[in-house]
Structures are given as C-alpha cells and as structure tokens.
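One-letter residues, chain by chain:
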Amino acid sequence: MAFLQYNQGDSKLQRFPLILTCLLFITCLGFVHAAVDEKEAESLYQKAKKKTISLKWEEALVLFGDITDNHPGSRYEDDAQFWVGYCLEKRGGSDIEAFMAFSDLIKKYPESTRIRDAIVHQITLSENLVREGRQQFHEFLMDHLKSEDRMIRLQAAMALGRLGDKDAMNVLNEMADDPDWGPQVMDLSNKLATSGSADEKGSQQEPRRGVLDFRVEKEKQKKSDAPKSFKEKWDNALFFETKHHTHYRDMLKTDGRWSRDELVDFGMWTIMPTDPFSSYITLDDYDKKEWYRKYWKLQDPTPTTDDNEALDEFLRRIQFAEKRYGETWNYRQFEYLKDQYLRDGWPRAPWDARGELYVKYGEPNYITIGGYNKEEWLYDQFGIDFIVERYITNIYRNAIQPGPMAQAFYNDQLEWVESNYIIHPEFSYEHHYKKKPIKKIKLNVTKDSTKPGGTLLVTYTIPVKEFHFYKENGQHKIQYFRNLVVLDENMQEIRRFETLKEISKENKRALSKVKTVEESISLNLNPGQYRIALRIEDPKAEKLGIYIESIEVRQK
C-alpha cells in the first residue's frame, strides 16, 4: 500500500510542472492579446487624430467610436470619448449629441484628465443651446458658477454674461484681477452693469418658432425638497417627454421586419401633426381603420370615383422608402442615440432621413453627393434643396439641413425653411389629372325655400365656351358627364347623381348664344356636416373639373 501511495504522490508531483506550464502559457497568451489590442487601439487613435486635423469629422467619429466600443480598458478609451464629443461639436448641428458625449466621459471616466476640458466644452455648447431657447442648459451654467475649479467658474460666468444674465456679476467681479482674462471680464461686467435685465437681454428667451423644444417637464417639488442639480435632473428625466418622441420610440423595431400596417403607422407619424396622430394611434382595430379611411377620403383628389390616388401614392412612397432608404450601416454611436441610427440589432425606424423626405415630398428632381455620407436633394416645385444624412433619422433635428441653394435664397429666413419644410409634417402630393381643367365654374349651395326641412339646392354654372362644340346628325352640340356625390361627416357616400348632359342647337351660332350651362340639384339632408363633390367631364375636349364644398345643415 505504501508503494502504491508513493507512486500516486509521485505522479502528482510529475503533473504539477505541466499544470504550471499551461497556466503560464495561458497567462502569456492573455498578455500577448492585450498587447495586440492596445496596439490596435493606438493605431486607430492615431488615424482618428489625423482625420480630426484634416477636419474630416465624420470619418474621425467612426474611428474614435471604434475605440470606445471595441477596445474597453485601452489607455486611449477616455481620450477617444473626449474626441467624439469634440468632433460632434465641430461638425455642426449636433450640439446636444456633443453635450451628452462629454457627459458620458465625465460619468464613465471620473479619473480622466480630460474632464475639465469636457466641462469647458459643455459650457460653450450650453451657451449656444440657450440662445436657441433650450432653457434647461441655462441651469447647467448656473450650477457651474459654484464650481470649485476657478477656470470652470470663470467660463460659466463669461457664458452667462454674454447671455445678458446679471447672476454672473459676482463671479465676474471676483475674476477681474485675473492676468489673462481680466480685461475681457471687466468689459463684460461693465456691459452687464449698464444693460437691462437678464430677461430683456434674452437669456430666458422662448424657443424660436420652428425649432424643436427639448425642454424636459420638471416634476413638482415639495417646498421642503432641496433643489436638484442639473446633472441629477438630467439623469433622472426622460429626455424625450413629448408625445411626438414617445410615439416614435414605441414604433421602433430591432428585427427590421415591417408589416404593411407598421409601415403605414410610421408613415402617418411622418406626415401628421402630433395631436391628430395621437388620436389615430391610440385607437383599436375597427375604429383605427375607420379613422384611417376617413382621413384619406378627405385627401382624395377624385372623391367621385372609387380610386384614391393620394392614398395610392402614400402607400407607394412608404414601401419604396423602406426598401430604398431602410438600409443599415454599422455606424458606432452612443447608447442614448440608438433610436436614431439604422443599425442591425438596434431599435430603429423603417427608413432614414432620406425616407422621411421621400414620404413627405416624393421623388426629388435631383440627388447629388452632399458630403461624407450625405446627399443633396433638390425639389424644383418648392425651390428648396436639403443636405440629408444617410442611415440616421431626423428625430434629433440634425439629419436634414437647408442646402446651399436654400441658404443662398433664404439667407436671412433659414428658420422659415426649417419650420415649413424640415420640421413641419405634411404629405405633399399634386395629382396630375391628365386632362385640361374646366375653369370659371361657379358652385353654390343654398337652402331651398320652396321645400320644408333641410332641403338644399346645389347649383353649378359653367360658361359654354369651356366645352367642345361638335356636329352630329346635323345638330351642333356640347356634351359632358355630370357626377355629384354627397359624403356625410364619416366620409361615407350617402347620395350619388350621375348623368350624361347634352345641349344641341341647329347651328353653331345658336349654340354660342347659350352663354352658360346651369343646373340645380335638390338634396334633402338631415342636420349635420357634409362634403359635396362635383365632377364635370367633357370627354371630347379632354377637359375635367372637380369641385369640392363642405357644408353644414343646421337644426331649425
């Protein structure tokens, strides 16, 4: 037994060097992998810095994002995060994204040497955002007036001073002896001392018309509650509290498989103001379908026919937008922007900003390259062009900007372009009837005094010269189809009057003496709201007139 025990012990001793060797080998592999990973991170960082020096902000963002996403623990990670915020700031139109990128740096890397620089950049961004009417950033500046860091305190005071806020006076006076900033501080302090109130200078100005208001609704605080810092409010608040953004996020999908109904809902969100869309999206099944049917019947350019060309065009646009502008791209960005970027596995929309324009306005007249991952879209009918970023939506109002032509034509009215063409939801569609219009028609709806109740007379008058004269069987004639349809308040058809009308005379001169064609149609309607659509069509002249009137029949 002892011999056996000795041999067992001996075998263990023989195995120990082998185990130790394996552990050392695995450890060495880990060191080698770490070294390779660090080397790759350094290579990416150097490439990204070169792109930054060349002002190629988008390309630099991709490289810095690669470091933060795929090289955790690298000594370049916090630097890369700082430069992400810097690039977002410099590329323009991304102030909020840049602010949040610097916030991520402060939160994730509290020991980073970049934190002071990040806060200074946030102060500059906050000043710009306050000028745009986003007042939550004013509170950020006020918080940093109390910073223990002298430079941060000075930068916050300077920003508030430029905004005309006299709350900055104490700090400015305190910094008046600074050897570098003293003259600027004194100049700003003197201007504030001789100026009006902060409100008069616009530090608390309302958001500009047409600029999306990112204000976060503040929770009601009890009087005993201590005031919260900006950071606490920001971290605890839902950044997008508006119905518009809530609806958007609720419709995002991660699998990229969109049913027809889901595309329809997203299309309706794209073209409709928030309140009507809220009415639509909260309905169930039958009620929702009825709301949808009624909405599109109101847009129908040919309400006397079974075809609804506007609806057909809408359905065509959303299907095309999803197919053509729903492509994903492995663009590395921040977690709080996942809902903006079209990337596999992220919650995303069915199309990017190009798709939004396409659903609203249809096919542009020209598409050209507008920059890295950007296109310029030109619409002749509006005399407007847009610079559109690929692969992201315009939910943050940073993916669609007025193009060079719009900037040249509307140099001092770019806000108007943004409000009426970029932010404003609409479905712009002009139906081509493929026939000449019948002009100078008069349509009148009056009460029929000869009959009781809600009896109305619908009378139309058209100059005879609008019609084509032709000769048939020795008679000179004009001929047209008349179609009158009455829709109730639910856009259901309740009356239809169709006929072929003809006027004939023995010669052309006699026909010409008939100055106008006139007809009155009697309608007996209950009290309520109605829509009357009249279609006059001359097939020989290939002319068409469609006239729509909304009326109300009141109870006596």
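I will try to describe carefully the structure that is included in this document. (Residues numbered from 1 in each chain as written. Predicted model: local features only at pLDDT ≥ 70, side-chain atom pairs only at ≥ 80, totals over all residues. Heavy atoms only, no water.)

### Looking at the sheet that holds strand β11 (residues 516–524)
With antiparallel pairing, the three strands of this open sheet are ordered in space as β6-β7-β11. Strand pairing shows two members of the sheet lacking a second neighbour, β6 (442–447) and β11, which therefore form its edges. On average, each strand axis in the sheet is inclined to that of its neighbour by 15°, with strand direction left out of account. Examined bridge by bridge, strand β7 (residues 455–463) and β11 share nine bridges and lie antiparallel to one another. Counterpart to I462 in the pairing with β11 is V517. (Pairing = 2+ DSSP bridges. Helix = DSSP H or I, 4+ residues; strand = E, 2+ residues; numbered from the N terminus. Axes fitted to C-alpha atoms, helices over the stretch in contact; angles between N-to-C directions.)

### Focus on the packing of aromatic side chains
Scanning the model with the defined rule gives 37 aromatic pairs in all. An angle of 70° between the planes, with centres 6.0 Å apart, marks the rings of Y45 and F64 as edge-to-face. A residue pair is termed long-range when its members are at least 10 positions apart, and Y45 in helix α1 (residues 2–53) and F64 in helix α2 (residues 57–70) qualify at 19 residues. For F64, a relative accessible area of 0% gives the class buried. Their ring planes at 35° and their centres at 4.9 Å tell us that Y45 and Y76 sit as a pair that is tilted. In this pair, Y45 sits in helix α1 while Y76 sits in the loop between α2 and α3 (77–91), placing the two residues 31 residues apart along the sequence. The class for Y45 is buried, based on a relative accessible area of 8%. Judged by relative accessible area, Y76 falls into the buried class, the value being 6%. (Phe/Tyr/Trp six-rings, centres within 6.5 Å; stacked < 30°, edge-to-face > 60°. Buried < 20%, exposed > 50% of the residue type's maximum accessible area, 1.4 Å probe, protein only.)

### Structural notes on helix α7 (residues 150–162)
Counted at 1.5 Å a residue, the expected span for α7 with its 13 residues is 18 Å, and the 18 Å between its end C-alpha atoms agrees. For α7, a buried count of 10 out of 13 residues is recorded, marking the element as mostly surrounded by other parts of the structure. Listing the buried residues of α7 in full gives I152, R153, L154, Q155, A156, A157, M158, A159, L160 and G161. For α7, the N-terminal cap is D149; the gap from its side-chain oxygen to the backbone nitrogen of M151 is 2.9 Å. (Expected span 1.5 Å × (residues − 1). Polar contact = N/O pair within 3.5 Å; in protein donor to acceptor, adjacent residues only side chain to side chain.)

### As for the environment of Y280
Its location among the elements puts Y280 in helix α14 (residues 274–281). For the pair Y280 and E290, spaced 10 residues apart in sequence, the C-alpha separation works out to 9.7 Å. Non-local contacts of Y280, meaning those with residues more than four positions away in its chain, are made with V264, D265, M268, K288, W291 and Y292. (Contact = heavy atoms within 4.5 Å.)

### With respect to the sheet that holds strand β2 (residues 374–379)
Picture the strands of a sheet paired through backbone hydrogen bonds; they go either parallel or antiparallel. In spatial order, the strands read β1-β2-β3-β4; together these four strands make up an open sheet with antiparallel pairing. This sheet does not close on itself; its edge strands, each paired only once, are β1 (366–371) and β4 (400–402). This sheet shows a mean twist of 30° between the axes of neighbouring strands, independent of strand direction. As defined by bridge partners, strand β3 (residues 384–389) adjoins β4 across three bridges and the pair is classed as antiparallel. Paired with V388 across the bridge in β4 is I400. Where helix α17 (residues 353–361) meets the sheet, it contacts β2, β3 and β4, and its direction lies at approximately 10° from that of β2.

### Considering the pattern of salt bridges
All chains considered together, the criterion is met by 34 salt bridges. For the salt bridge of E127 with R162, the shortest nitrogen-to-oxygen distance reads 2.9 Å. With E127 in helix α5 (residues 115–131) and R162 in helix α7, this residue pair connects regions lying 35 residues apart in the sequence. Taking relative accessible area as the criterion, E127 reaches 7% and is therefore assigned buried. The class for R162 is partly exposed, based on a relative accessible area of 41%. In this structure, K288 and D265 form a salt bridge, with 2.9 Å as the shortest nitrogen-oxygen distance. With a gap of 23 residues between them, K288 in helix α15 (residues 285–299) and D265 in helix α13 (residues 260–271) connect regions that are remote in the sequence. We classify K288 as buried; its relative accessible area is 19%. According to the relative accessible area criterion, D265 is buried, its value standing at 12%. Three or more residues joined by partner-sharing salt bridges are found here, namely R324, E327, D352, R354, E375 and R390. (Salt bridge = Lys/Arg side-chain N within 4 Å of Asp/Glu carboxyl O.)

### Regarding the nonpolar core
Inside soluble globular proteins, nonpolar side chains tend to come together where they are buried. Counting residues in each nonpolar core, the largest one holds 52 residues, and the members touching the most others are F64, I67, I123, L141 and L172. Leaving out residues up to four positions away in the same chain, F64 has contacts with Y45, A48, K49, T52, A80, W83, V84 and C87. In terms of nonpolar packing, the next biggest core, distinct from the first, is built from 49 residues, W296, L315, I318 and W351 among them. (Core = buried A, V, L, I, M, F, W, Y, C linked by side-chain atoms within 4.5 Å.)

### With respect to the environment of R348
Of note, R348 is situated in the loop between α16 (309–325) and α17. On a C-alpha basis, the gap between R348 and T328 in space is 9.4 Å, while along the polypeptide they are 20 residues apart. Filtering out sequence-adjacent residues up to four positions away, R348 remains in contact with L252, K253, G256, W258, G326, T328, Y341, L342 and R343.

### Side note on the packing of α13 against α16
Two elements in contact, α13 and α16, have axes whose closest approach is 10 Å; the angle formed by their N-to-C orientations is 105°. Classified by the angle between their axes, α13 and α16 sit roughly perpendicular to one another. Here R260, L263, V264, G267, M268 and I271 of α13 come into contact with α16, specifically with F314, L315, I318 and E322. The class makeup of the residues in the contact of α13 with α16 is seven nonpolar, one polar and two charged. (Parallel < 35°, antiparallel > 145°, perpendicular 65-115°, else oblique. Nonpolar A, V, L, I, M, F, W, Y, C, P; charged D, E, K, R; others polar.)

### A few points about a positive patch on the surface
A cluster of basic side chains, namely K439, K440, K465 and K515, defines a positive patch on the protein surface. In this structure, K465 sits in the loop between β7 and β8 (470–472). (Patch = residues over 30% accessible without salt bridge, like charges linked within 9 Å, V, L, I, M, F, W, Y side chains within 5 Å. Areas by Shrake-Rupley, 256 points an atom, 1.4 Å probe, with all protein chains shown as cover. Lys, Arg positive; Asp, Glu negative; His and termini not counted. Charge placed at Lys NZ, Arg CZ, Asp CG, Glu CD.)

### Observations concerning unusual backbone geometry
Its identity is not glycine, yet R397 carries a phi of approximately 60°, on the positive side. Inspection of the secondary structure assignment puts R397 in the loop between β3 and β4. The phi torsion at E542 lies on the positive side, around 50°, for a residue other than glycine. By secondary structure assignment, the location of E542 is in the loop between β12 (528–538) and β13 (543–553).

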